[in-house]
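# Structural features, examined
Letter by letter, the chains look like this.
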Amino acid sequence: MLLIQRKIREPFGDRVLLVIIYTVLGLLTLTVLYPLLYILSSSLSSPDAVVSGKVWLYPVEFSARAYKSIFQSTQLMRGFYNSLVYTVVGTFINVSFTVLMAFPLSQRTMPGRKYIMLLMMITMFFSGGLIPTYLLVKNLHMLDTRWALWLPGAFSIFQVIIARTFFMSSIPAELQEASQMDGCRDMRYLWSVALPLSKPIIAVMTLMYAVGHWNAYFDALIYLRSETLFPLQYVLRNLLILNAADPEMLANTAQSLRDKGFEEVLKYALIVVACVPVLIMYPFVQKHFVKGVMIGSLKG
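Residues numbered from 1 in each chain as written. Predicted model: local features only at pLDDT ≥ 70, side-chain atom pairs only at ≥ 80, totals over all residues. Heavy atoms only, no water.

An unreviewed UniProt entry lists the protein under the name Carbohydrate ABC transporter permease, with Paenibacillus albus given as the organism. Heading Subcellular location (unreviewed entry) of the UniProt record for the protein holds this comment: "Cell membrane". (UniProt positions renumbered as here; feature names shortened; annotations may be inferred.)

Let us now look at the layout of surface pockets. The calculated volume of the largest pocket comes to roughly 800 Å³. As for the largest pocket, its lining consists of 28 residues, and the residues nearest its centre are Pro 152, Gly 153, Phe 155, Ser 156 and Asp 219. Where the lining of the largest pocket is concerned, the elements lending two or more residues are α4 (74-105), α5 (113-125), α6 (130-139), α7 (157-170), α10 (199-215) and α11 (218-223). Tallying contributions element by element places α10 first for the lining of the largest pocket, with four residues. For the lining of the largest pocket, the class distribution of residues is 16 nonpolar, eleven polar and one charged. (1 Å grid on protein atoms, 1.4 Å probe; cavity = no way out; pocket = protein on both sides within 12 Å on 5 of 7 lines; lining within 4 Å. Points joined across faces, edges and corners; volume = space filled by probe spheres on them. Helix = DSSP H or I, 4+ residues; strand = E, 2+ residues; numbered from the N terminus. Nonpolar A, V, L, I, M, F, W, Y, C, P; charged D, E, K, R; others polar.)

What follows concerns the UniProt feature "transmembrane region" (unreviewed entry) in the protein. Taking the numbering used here, the UniProt-annotated feature "transmembrane region" (unreviewed entry) corresponds to residues 16-40, 84-103, 115-135, 147-167, 188-211 and 265-285. The distance from the first to the last C-alpha atom of residues 115-135 is 28 Å, and the span holds 81% helix and 0% strand. In residues 147-167, helix accounts for 52% and strand for 0%; the two terminal C-alpha atoms are 30 Å from one another.

Time to look at the environment of Pro 47. Structurally, the position occupied by Pro 47 is in helix α2 (residues 47-51). Separated by 215 residues in sequence, Pro 47 and Phe 262 have C-alpha atoms that sit 5.0 Å apart.

Moving on: unusual backbone geometry. Its identity is not glycine, yet Glu 61 carries a phi of approximately 55 degrees, on the positive side. Notably, Asp 144 is not glycine yet its phi reads approximately 60 degrees, a positive angle. Position of Asp 144 among the secondary structure elements: in the loop between α6 and α7.

Its place among the elements puts Gln 107 in the loop between α4 and α5. With a relative accessible area of 16%, Gln 107 lands in the buried category. Engagement of the side chain of Gln 107 in a polar contact is seen with the backbone oxygen of Phe 103, the distance being 3.4 Å. A polar contact of 2.9 Å, which involves the side chain of Gln 107, links it to the side chain of Gln 176. When neighbours within four sequence positions are excluded, Gln 107 is seen to be in contact with Arg 113 and Gln 176. (Buried < 20%, exposed > 50% of the residue type's maximum accessible area, 1.4 Å probe, protein only. Polar contact = N/O pair within 3.5 Å; in protein donor to acceptor, adjacent residues only side chain to side chain. Contact = heavy atoms within 4.5 Å.)

Aromatic ring pairs are defined here through the distance separating the ring centres and the angle between the ring planes. Per the stated rule, a full pass over the model turns up eleven aromatic pairs. Seen from their ring centres, Tyr 34 and Tyr 38 are 6.3 Å apart, and the 35 degrees between their planes marks the pair as tilted. With a gap of four residues between them, Tyr 34 and Tyr 38 both fall in helix α1 (residues 12-43), about one helical turn apart. Where Phe 103 meets Phe 167, the ring centres are 5.8 Å apart and the plane angle is 90 degrees; that geometry is what we call edge-to-face. Note that Phe 103 is positioned in helix α4 and Phe 167 in helix α7, a separation of 64 residues in sequence. Each member of the pair, Phe 103 together with Phe 167, is buried. One aromatic cluster in this structure is built from Tyr 34, Tyr 38, Trp 56 and Tyr 268. (Phe/Tyr/Trp six-rings, centres within 6.5 Å; stacked < 30°, edge-to-face > 60°.)

Below is the structure:
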């Protein structure tokens, strides 16, 4: 007996709706991707092509001179190194403090945890302001040090709430009870049981904290004075807003190239260099990122 399988056809209205949705999403994707593609193409084009407006979608008169100039700049390489230090150490401090704060607050046997959460949530809406924070950092002798970019924002209340919700909703309380019966203390339980089961939320926190540190420049603008401590984004800000290009990046460039817009190409190349580390890091945490965001946002 010949069985004829018929494909179930969707109603006409649903198909029209899907076409509209995909069209809108496609246009939004192009709106987001085109500026990125334009910046990349401009950074690999000749200054004359960029200034004359010939660059539209792909590099014109391919040239990597801007990238060579960037990697010859001591100021930029120092800023890149500083940003890596701020991001790695700062993210470690942030994630550690967040976990150590969120885990006790997730324990239903902790006395006064609701009042502590209330006090912490108040700080999300009210703060002392910039001047009191600056005076506090100054009195702690952290001005013009790396600690000024790490300790004042050691953890985020929002991230603490998300991590606390994850611990409460995604890790069964029976695991802790069984561990306690076997003589496992709280810190050992946190390190050996809770953290291995919390990879999704830790990946989310790591990515968010790392991106925040990598893109931060305002704290450096307020607290730092030594050029040897400036992060990459601060150097990039000086170039894009103040047009304060590092002379080393222009030293080996002919004056005619500068006049034709070499500094404009340099700006585009700097933007690409500043974005590459985050783009490299995201694929490694992507599989945990979506799961962690959904768990932290839908439960609790």
